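# Analysis of the macromolecular model
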Amino acid sequence: MFRRPGRVAASAESDVDLIYRFAENRSSKAWQPQANPFVCRFMSDRTAFIFSICVIAGFALLIAIEKIRPILFARNQRRHAERRAAQAKQHAERFTNRYTVFELSRRLGISPGELEKNKPAYRHVSIPKQRGGTRTLAIPHPELKEIQRNLLRHVFRSLRSHPCATAFEPRRSIADNAAAHVGQAVVVKMDIVDYFPSTQASRVKAYFCRIGWDLGAATLLMRLTTHEGGLPQGAPTSPRLSNLINYVMDAQIERWVAYRKGTYTRYADDITISFPKDYPKRIRGTIQHVRRVAKRHGYTIHTRGKLRVVRQHQQQRVTGLVVNDRVNLTRAKRRWLRAVEHRLRTTGKASLTREQLDGWRALQRMIAQQAAPPRRTADLPEPDTPPAPGGSGRG
């Protein structure tokens, strides 16, 4: 059953010797395969042929590059020269064909000397806020106010503001600002701190230079429209001018929001952004982006109190109007108006006069008209259509 130790050792030694002998034979020339002379010659000729073709192609490519390089270089130089000439021409036109103080005096109907001598003067008035506190208004003196109204009429009227700015614009109202956010899943409302005073005078001057006024005229316009380093809240030019100056800010925020399938509007200092779906991370990133953009333009966003995120199950109000399903006054306001109308009809005494109630009713009609979608031509009845058989002809 058991082998002898000696025989086991002998057999083991013989196996090791066999392995070493096999390895030595594999490394010897006897185990090397014999190369076929015909195959080796064919492979060497083919390799040399391919190598010579590659060398010839490389030299031909170098020669072609050397021939084409001057042509490409000359074409690039010509393009750069044409571009530099166009830029120089544009730069020259930008700084030579500019509006001067004489053009400003012609539009206002006031001599340049009178414009230069005019010293802007304001009187400060404090009025109570609706939610408590006071608001300080800087009201210009009558002479300056007349100049500012002429500026608004003859200089600022033809200028274009961003479509998302709905305040202080012709044919725009709070209903237009609210209608853009009807039926959205979430509405974000933000407020700018000290909107008019925070619109810096340096931005006003830069804006006038950018739209074509020379340095002297831009400085004069800045002096006529700013007070204490900002736009005066109470001057007739401040609302319209704030929309014009903030065109870039509105465009930056609107592009960011539109890329994320949202809607952006700004009514003076009230910023409203809405989204069709509620994504908390997207909303948080949008609020942070708006803060950064506003800070770059010299503004600060309220962080508490006036920063609100309202969902669909809550009452979503934009510039005082409810936008959950359609644009309308709040339910409490509608009930109050009905109660006032009932008291006036029955007793003749109410918290509003009939003229004031008519003003509220006009506001309701305006909201209904501006918030309603435009009626299509196909939906309108034809004028010569006869009534249906058996019908009375009334809808």
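Every value quoted in this text rests on a predicted model; they were computed, and no experiment measured them. Throughout, residues of each chain are indexed from 1 in the direction in which the sequence is written. Whole-chain, interface and lining totals are the exception, using all residues; otherwise, since this is a predicted model, local features are given only for residues with pLDDT of at least 70 and side-chain atom pairs are given and counted only at 80 or more. Hydrogens are left out, water is left out, and the side-chain values use all remaining heavy atoms of the structure.

On to the overall build of the chain. A tally of helices and strands in the chain yields 14 helices and 8 strands. Three labels apply to residues, based on accessible area from a 1.4 Å probe with only protein chains included: buried if under 20% of the type maximum, exposed if over 50%, partly exposed otherwise in between. Here the chain holds 395 residues, and the buried ones make up 30% of them. Accessible areas in this description were obtained via Shrake-Rupley with a 1.4 Å probe; residue shielding takes into account the shown protein chains only. When the accessible area of the chain is evaluated, it comes to approximately 27,000 Å², of which 55% is carbon and sulfur surface. Numbering of helices and strands starts at the N terminus; helices are DSSP runs of H or I of at least 4 residues and strands are runs of E of at least 2.

For strand E5 (residues 270-275), the tally of buried residues reaches 5 of 6 residues, placing the bulk of the element in the interior. DSSP calls a pair of strands paired once it identifies at least 2 bridges connecting them. Two elements, strand E4 (residues 263-267) and E5, share 5 bridges in a ladder whose sense is antiparallel. Across the sheet, the residue bridging to Tyr 264 is Ile 273, located in E5. Joining the antiparallel neighbours E4 and E5 is a turn of 2 residues, in which Ala 268 adopts a positive phi near 60 degrees.

To continue, consider the pattern of salt bridges. A side-chain nitrogen of Lys or Arg and a carboxyl oxygen of Asp or Glu constitute a salt bridge if their distance falls within 4 Å. If you walk through the whole model with that rule in mind, you get 8 salt bridges. Residue Asp 191 is joined to Lys 306 by a salt bridge in which the shortest nitrogen-to-oxygen separation is 3.9 Å. With Asp 191 in strand E3 (residues 186-191) and Lys 306 in the loop between helix H12 (280-296) and strand E6 (308-311), the pair connects residues that are 115 residues apart, well separated along the chain. Notably, a salt bridge pairs Asp 250 with Arg 266, separated by 2.9 Å at the nearest N-O pair.

On to the environment of Gln 184, then. Within the fold, Gln 184 resides in the loop between helix H6 (174-179) and E3. Separated by 93 residues in the primary sequence, Gln 184 and Lys 277 place their C-alpha atoms 7.4 Å from one another. Here a residue-residue contact requires only that any non-hydrogen atoms of the pair lie within 4.5 Å. Those residues in contact with Gln 184 that sit more than four places away from it in its chain are Thr 263, Ser 274, Phe 275, Pro 276, Gln 312 and Gln 316. Of the polar contacts made by the side chain of Gln 184, one reaches the side chain of Ser 274; its length is 3.2 Å. Counting of polar contacts relies on pairs of N or O atoms within 3.5 Å, with two restrictions inside protein: one atom must be capable of donating a hydrogen and the other of accepting it, and residues adjacent in sequence are counted only when both atoms are side-chain atoms.

Computed over the protein atoms alone on a 1 Å grid, cavities are sets of points where a 1.4 Å probe fits but cannot get out and pockets are open sets with protein on both sides within 12 Å along at least five of seven lines; a residue lines them when it has an atom within 4 Å of a point. Grid points are joined across faces, edges and corners, and a volume is the space filled by probe spheres set on the points. Of the volumes computed, that of the largest pocket is approximately 1,800 Å³. Residue lining of the largest pocket: 45 residues in total, with Arg 135, Asp 191, Asp 269, Asp 270 and Lys 306 positioned closest to the centre. Where the lining of the largest pocket is concerned, the elements lending two or more residues are strand E2 (134-140), E3, helix H7 (195-198), E5, strand E7 (317-318) and helix H14 (354-371). By residue number, the principal contributor to the lining of the largest pocket is E2, which donates 4 residues. Within the lining of the largest pocket, the residues separate by chemical class into 20 nonpolar, 12 polar and 13 charged. Polarity classes work like this: nonpolar for Ala, Val, Leu, Ile, Met, Phe, Trp, Tyr, Cys and Pro, charged for Asp, Glu, Lys and Arg, and polar for all others, with Gly in that last group.

This part is about the environment of Ser 126. The topology assignment puts Ser 126 in strand E1 (residues 122-128). Assessed through its relative accessible area of 51%, Ser 126 is described here as exposed. A C-alpha to C-alpha distance of 4.4 Å links Ser 126 and Thr 136, two positions 10 residues apart in sequence.

Ranked by size, the top nonpolar core spans 47 residues in total, and within it Leu 104, Leu 151, Phe 208 and Ile 273 carry the most contacts. For the purposes of this section, nonpolar cores are sets of buried Ala, Val, Leu, Ile, Met, Phe, Trp, Tyr and Cys residues that join through side-chain atoms within 4.5 Å. Within the second largest apolar cluster, 14 residues are counted, among which are Val 318, Leu 337, Leu 344 and Ile 367.

You will see that Glu 228, though not glycine, has its phi angle at about 55 degrees, which is positive. Looking at the secondary structure, you find Glu 228 in the loop between helix H9 (215-225) and helix H10 (238-245). Positive phi outside glycine occurs at Ala 268, with the angle close to 60 degrees. You can see Ala 268 is positioned in the loop between E4 and E5. Taking relative accessible area as the criterion, Ala 268 reaches 10% and is therefore assigned buried.

On to the sheet that holds E6. Across the sheet, which stays open at both edges, the 4 strands sit in the order E4-E5-E3-E6 with antiparallel pairing between neighbours. Two strands in the sheet have a free side with no partner beyond their single neighbour: E4 and E6. If you compare each strand with its neighbour and ignore which way they point, the axes differ by 15 degrees on average. Sheet strands in contact with H12 are E3, E5 and E6, and its direction is about 155 degrees off that of E5. Every axis corresponds to a line fitted to the C-alpha atoms, with the helix fit spanning only the stretch in contact, and the corresponding angles, defined between N-to-C directions, vary from 0 to 180 degrees.

Further remarks concern the side chain of Asn 324. Of note, Asn 324 is situated in the loop between strand E8 (321-322) and helix H13 (331-346). Within the structure, the side chain of Asn 324 is placed 2.7 Å from the backbone oxygen of Gln 314, a separation counted as a polar contact. In contact with Asn 324, not counting residues within four places along its chain, are Gly 183, Gln 312, Gln 314, Gln 315 and Gln 316.

Moving on, we get to the packing of aromatic side chains. Each Phe, Tyr or Trp ring (for Trp, its six-membered ring) is paired with any other whose centre lies within 6.5 Å, and the angle between the two planes then decides the class: stacked below 30 degrees, edge-to-face above 60, tilted in between. All chains considered together, the criterion is met by 7 aromatic pairs. When the ring of Phe 156 is compared with that of Phe 208, the centres are 5.9 Å apart and the planes differ by 20 degrees; the resulting orientation is stacked. On the criterion of sequence distance, the pair formed by Phe 156 in the loop between helix H5 (142-154) and H6 and Phe 208 in helix H8 (residues 201-210) is long-range, its members being 52 residues apart. The structure contains a cluster of three or more aromatic residues connected by ring pairs, namely Phe 168, Tyr 195, Phe 196 and Tyr 299.

Between H8 and H9, the least distance of the axes is 9 Å, while the angle of their chain directions is 140 degrees. Classed by the angle they form, the pair H8 and H9 counts as oblique. Read as a crossing pair, H8 and H9 show a hand that is right-handed. Packed against H8, whose contacting residues are Ala 201, Val 204, Lys 205, Phe 208 and Cys 209, the element H9 presents Leu 215, Ala 218, Thr 219, Leu 221, Met 222 and Thr 225 at the interface. Its residues placed into classes, the contact of H8 with H9 shows 8 nonpolar, 2 polar and 1 charged. An angle counts as roughly parallel when it lies under 35 degrees, as roughly antiparallel when it exceeds 145, as roughly perpendicular when it falls between 65 and 115, and as oblique in every other case. In this scheme the handedness of a crossing depends on how the near helix is turned from the far one: anticlockwise by less than a right angle means left-handed, clockwise means right-handed.

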